[in-house]
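Each chain, letter by letter, is given below.
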Amino acid sequence: MATGRPVVSVYNCENPAEKTSTVPMPQALLSPLRPDLVRYIHTNVSKNKRQPISVGAKVGYETAAESWGTGRAVARVPRAPGGGTHRSGQGAFGNMCRGGGMFSPTKTWRRWHRRVNVTQKRHAVVSALAASSLPPLVMARGHRIGQVAELPLVVSDSLESQTKTKQAVEILKKIGCTEELQRVIDSKKVRAGKGKMRNRRYTMRRGPLVVYNEDNGIVRAMRNIPGVETACVTRLNLLKVAPGGTLGRFIIWTEGAFKKMNEMYGTLKSGAPMKKGYHLLRAQMENADIARIINSTEVQSVLRPKLEAPKKFALKQNALKNKSVMARLNPAAADAKAARAAAPAAAKRKAREAASKEHNKKHKRGEDTFYKKLMRAFEAKAADEAKDGEDAEEAEE
Amino acid sequence: MAARYAIKQQALAEGAVVPEQVKLKLARDAALAEEKEKAVVEAIKAQAEQREALKSRTQQYEKEYVETAQQLVDLRREAKLGGNFFVEPEAKLLFVVRIVGIIKLSPKPRKVLQLLRMRQLHNGVFLKVNKPILQMLKLVQPYVTYGYPTLKTVRELIYKRGFGKVNKQRIPLSDNAIIGDALGEKHGLYGMEDLIHEIYTVGPNFKQANNFLWPFKLSAPKAGFNKKRHGYCEMKGGDWGNREEEINALIRRMN
């Protein structure tokens, strides 16, 4: 947001160290900055100086070529007629053919120019002018304004009646533009690209824009200074005030021009006297200090308190295996378990098992287990049979 | 609500002058902190009370289960003494498990299985035994197996694989508060044991309790099924249909 300084000092042209008077800042220079608008207007308005180009209307078709049709073992493309030269029988007409016309030949009646709403154009100019009075933006655009006393830089009216370039340069240097002018001179280079053979041989940076009210020689004086451009206040051009669509051109005002801004653009309440039906650009937010708005009592008193996030759940654990989880889910679980352990049934069983163990210890069967008894019976039978056999043998003998 | 106020501690430089705005914020935070403390104390007390109440109810339920079981035993003995027959009470609760996958199912059984909330293989749900449910089960007989679960089965299912439908999401039953919030006010079920009791004894709020439970996603049975393409009651041995009490053994293998 443009932080308006209500009053701007005017510097004496002859002796730029001293300030002659002060002028209040015109409302137009306190407009909101709209880089989006400026860029849009600039891209459209910069198309308006274009000259139409196209390829020649008949290019590629100035042959009497005809297709040979099918059945001749060649492609069906139209071919140049006749004989006796390389050209005969070669393909013609198509964009794929050598020497043929291009696809969709460019036409001169392409829409080269763009119309832009007048109000939008005016808003863009006003926004760009507001940006030019902010040092950070002007510096960001690349101008060297280290030595300049203040922005916007307003010089007394005697600047308008300079006729000699030499003196104009001196004045500019005294104001603090030495570095700026030097920057422009140093930046003169041959253009990269085909432009150099199309009468656009050199490029260099843009220097200050001098805005005047009445031309009493200033234009001619400053015409030849590299980088310096002049503009009359009543006919400001966006392409000069925001070159490249970027905000923050370094502008040097004359006192008359600065004062004329009020007459031209007026204030937010009144319309613009010299621009019929135009009202200055208004900001989207009156008070853009969001932090202060949020922390104000009006807002804070109506807010509900901040809440902690609800508890997040970890992995599910099996209550049937995990005692602590079971205790959480079933408060009676621990008691029930203890009761079961203490119950008479459990005690009886334990006693029974203990008694059984005791009994077994005392009455160890040793040789009298079931299996051993069983096997002894077999042995006894075998022994008896063996004895019977012997007896029978003895009896036989 | 007040128990969850998030109060950030303001970092105050020692001895430095405190700006106006910061003073206001400190005052507001102090008031909120007081409220929060009180609310937290109250919340803890309320929770303790709930737990006590749940505990006493659980013990009451335990007694109830033991008594009903004992009653049945007594009645059987009495009948035997008198030489009469004791007619076992008809089952009230069914547990149904889906046996069949989703491929190539005819539309009617498919729809019925959807209505019974068994959309996936080995999904299980509790169902009330009444005429309409039995009719529906007739339609899907070859695709499910079902029977009458015992208390142990019900408890194990709900403790191990119990998930609740909270806000249309499948939330594990890791805390009694989940059940209390969903079913407490309206239906008087504040914890796991309440839920189990409602399901096992098919109480007046069975519908809501059962619907709260997300369908159980059981594992495939250890040692497998017998033959899924035949019915349980057929001679050649199979799996689908009503297997009455023997569903418990199956669930033991699937849980």
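Residues numbered from 1 in each chain as written. Chains lettered and ligands numbered in written order. Predicted model: local features only at pLDDT ≥ 70, side-chain atom pairs only at ≥ 80, totals over all residues. Heavy atoms only, no water.

A. The arrangement of the overall build of chain A in detail. Counting its secondary structure elements, chain A contains 13 helices and ten strands. A separation threshold of at least 6 residues defines the contact pool for chain A, and within that pool the share at least 24 residues apart is 61%. Accessible surface, chain A as shown: approximately 26300 Å² in total, 53% of it carbon and sulfur. (Helix = DSSP H or I, 4+ residues; strand = E, 2+ residues; numbered from the N terminus. Contact = heavy atoms within 4.5 Å. Areas by Shrake-Rupley, 256 points an atom, 1.4 Å probe, with all protein chains shown as cover.)

B. Spatial organisation of a negative patch on the surface. Together, D384, E385, D388, E390, D391, E393, E394 and E396 of chain A make up a region of like negative charge exposed at the surface. Inspection of the secondary structure puts D388 of chain A in helix α13 (residues 370–396). (Patch = residues over 30% accessible without salt bridge, like charges linked within 9 Å, V, L, I, M, F, W, Y side chains within 5 Å. Salt bridge = Lys/Arg side-chain N within 4 Å of Asp/Glu carboxyl O. Lys, Arg positive; Asp, Glu negative; His and termini not counted. Charge placed at Lys NZ, Arg CZ, Asp CG, Glu CD.)

C. Expanded view of the pattern of salt bridges. Applying the stated criterion across every chain, the model contains 17 salt bridges over all chains. D29 of chain B is the partner of R28 of chain B in a salt bridge, and the nearest nitrogen-oxygen pair spans 3.7 Å. Classification of R28 of chain B as partly exposed rests on a relative accessible area of 35%. Taking the shortest distance from any N to any O, the salt bridge between R57 of chain B and D194 of chain B comes out at 2.7 Å. One end of the pair, R57 of chain B, is in helix α1 (residues 20–82); the other, D194 of chain B, is in helix α6 (residues 192–200), and 137 residues separate them in sequence. One network of salt bridges, in which partners are shared, links R206, E229 and R249 of chain A. (Buried < 20%, exposed > 50% of the residue type's maximum accessible area, 1.4 Å probe, protein only.)

D. Structural detail: the confidence of the model for chain A. Looking at chain A as a whole, its pLDDT mean stands at 89, while 98% of the residues score no less than 70. Per-residue pLDDT, averaged within each element of chain A, yields its smallest value for helix α11 (residues 333–342) of chain A (82) and its largest for strand β6 (residues 189–190) of chain A (96). (pLDDT = per-residue confidence, 0-100.)

E. Seen up close, unusual backbone geometry. The step from L151 of chain A to P152 of chain A runs through a cis peptide bond, and the omega angle for that step is -5 degrees. Even without being glycine, F93 of chain A reaches a positive phi, approximately 75 degrees. For F93 of chain A, the location among the structural elements is in the loop between β4 (78–79) and α2 (118–131). Take F93 of chain A: its relative accessible area is 21%, and that puts it in the partly exposed class. Unusually for a residue other than glycine, R117 of chain B sits at a positive phi of about 70 degrees. Counting through the fold element by element, R117 of chain B comes out in the loop between α2 (107–115) and β2 (123–128). Its relative accessible area of 22% is what places R117 of chain B among the partly exposed residues.

F. The arrangement of the pairing of strand β9 (residues 229–232) of chain A in detail. Residues and elements named next belong to chain A. Neither face of β9 is exposed, since E229 and A231 on one face and T230 and C232 on the opposite face are all buried. Summarising the sheet, strand β8 (residues 209–212) and β9 pair through four bridges and their orientation is parallel. Of the residues in β9, the one forming a bridge with Y212 is C232. (Pairing = 2+ DSSP bridges.)

G. Representation of the sheet that holds strand β7 (residues 241–242) of chain B within the structure. All names here are of chain B. Read across the open sheet, the five strands follow the order β6-β2-β1-β3-β7; overall the sheet is mixed. Every other strand in the sheet has two partners, leaving β6 (216–217) and β7 as the edge strands with one partner each. With two bridges connecting them, β2 and β6 associate as antiparallel partners. Across the sheet, residue N123 finds its bridge partner in β6, namely K217. Its contacts with the sheet place helix α3 (residues 131–139) against β1 (93–98), β2 and β3 (144–147), and it is angled at close to 145 degrees to β2. (Axes fitted to C-alpha atoms, helices over the stretch in contact; angles between N-to-C directions.)

H. Just the environment of K260 of chain A, in detail. Residues and elements named next belong to chain A. Mapping K260 onto the fold places it in helix α7 (residues 255–265). When the C-alpha positions of K260 and M274 are compared, they lie 9.9 Å apart, and in sequence the two are 14 residues distant. When residues no more than four places from it in sequence are discounted, the contact partners of K260 are N213, V233, T234 and M274.

I. Just the UniProt feature "coiled-coil region" (unreviewed entry) in chain B, in detail. UniProt records the feature "coiled-coil region" (unreviewed entry) at residues 44–78 of chain B, using the numbering of this structure. For the annotated span residues 44–78 of chain B, helix accounts for 100% and strand for 0% of the residues, and the straight-line distance between the end C-alpha atoms is 51 Å. (UniProt positions renumbered as here; feature names shortened; annotations may be inferred.)

J. Region of interest: the nonpolar core. Residues and elements named next belong to chain A. Counting 37 residues, the largest nonpolar core has L129, V211, L238, W253, F258 and Y265 as its most contacted members. Elements supplying a minimum of two residues to this core: β1 (7–11), α1 (35–45), α2, β8, α6 (238–241), β10 (251–254) and α7. Residue contributions to this core peak at six residues, all from α2. (Core = buried A, V, L, I, M, F, W, Y, C linked by side-chain atoms within 4.5 Å.)

K. The sheet that holds β10 of chain A, seen in detail. Residue and element names in this part refer to chain A. Strand order in the open sheet formed by six strands is β2-β1-β5-β10-β8-β9, and the pairing between neighbours is mixed. At either end of the open sheet lies a strand with only one pairing partner, and these are β2 (19–24) and β9. Geometrically, the sheet is characterised by an average inter-axis angle of 30 degrees between neighbouring strands, direction not taken into account.

L. Molecular detail of a nonpolar patch on the surface. Residue and element names in this part refer to chain A. Where nonpolar side chains cluster on the molecular surface, the patch consists of M285, I290, I293, I294, V299 and L303 and spans about 480 Å² of accessible area. Per element, the largest residue contribution to the nonpolar patch is three residues, and it comes from helix α8 (residues 290–295). With respect to the helices and strands, M285 occurs in the loop between α7 and α8. The class for M285 is partly exposed, based on a relative accessible area of 39%.

M. Geometry of a positive patch on the surface. All names here are of chain A. The grouping of K194, K196, R198, R200 and R201 at the surface amounts to a positive patch. The residue R201 is located in the loop between β6 and β7 (202–203) in this model. You can call R201 partly exposed: its relative accessible area is 41%.

N. Fine view of the confidence of the model for chain B. With 100% of its residues at a pLDDT of at least 70, chain B reaches an overall mean of 92. Prediction confidence for the complex, expressed as pTM and ipTM, is 0.62 and 0.82 respectively.

O. Quick look at the interface of chain B and chain A. Taken together, the contact between chain B and chain A spans 28 residues of the former and 22 residues of the latter. The junction of chain B with chain A conceals about 2300 Å² of combined surface from both sides, 57% of it contributed by carbon and sulfur atoms. At the junction of chain B with chain A, the criterion picks out two salt bridges. A salt bridge links D335 of chain A to K55 of chain B; the nearest nitrogen and oxygen atoms lie 3.0 Å apart. Here chain B and chain A share 13 residue pairs in polar contact (both at pLDDT 80 or more) between them. Those elements giving two or more residues to the side of chain B that touches chain A turn out to be α1, α4 (151–161) and α6 of chain B. Ranked by residue count, the leading element in the side of chain B that touches chain A is α1 of chain B, at eleven residues. Of the residues that constitute the side of chain B that touches chain A, the class distribution is eleven nonpolar, six polar and eleven charged. (Buried area = accessible area lost by both parts, 1.4 Å probe. Polar contact = N/O pair within 3.5 Å; in protein donor to acceptor, adjacent residues only side chain to side chain. Nonpolar A, V, L, I, M, F, W, Y, C, P; charged D, E, K, R; others polar.)

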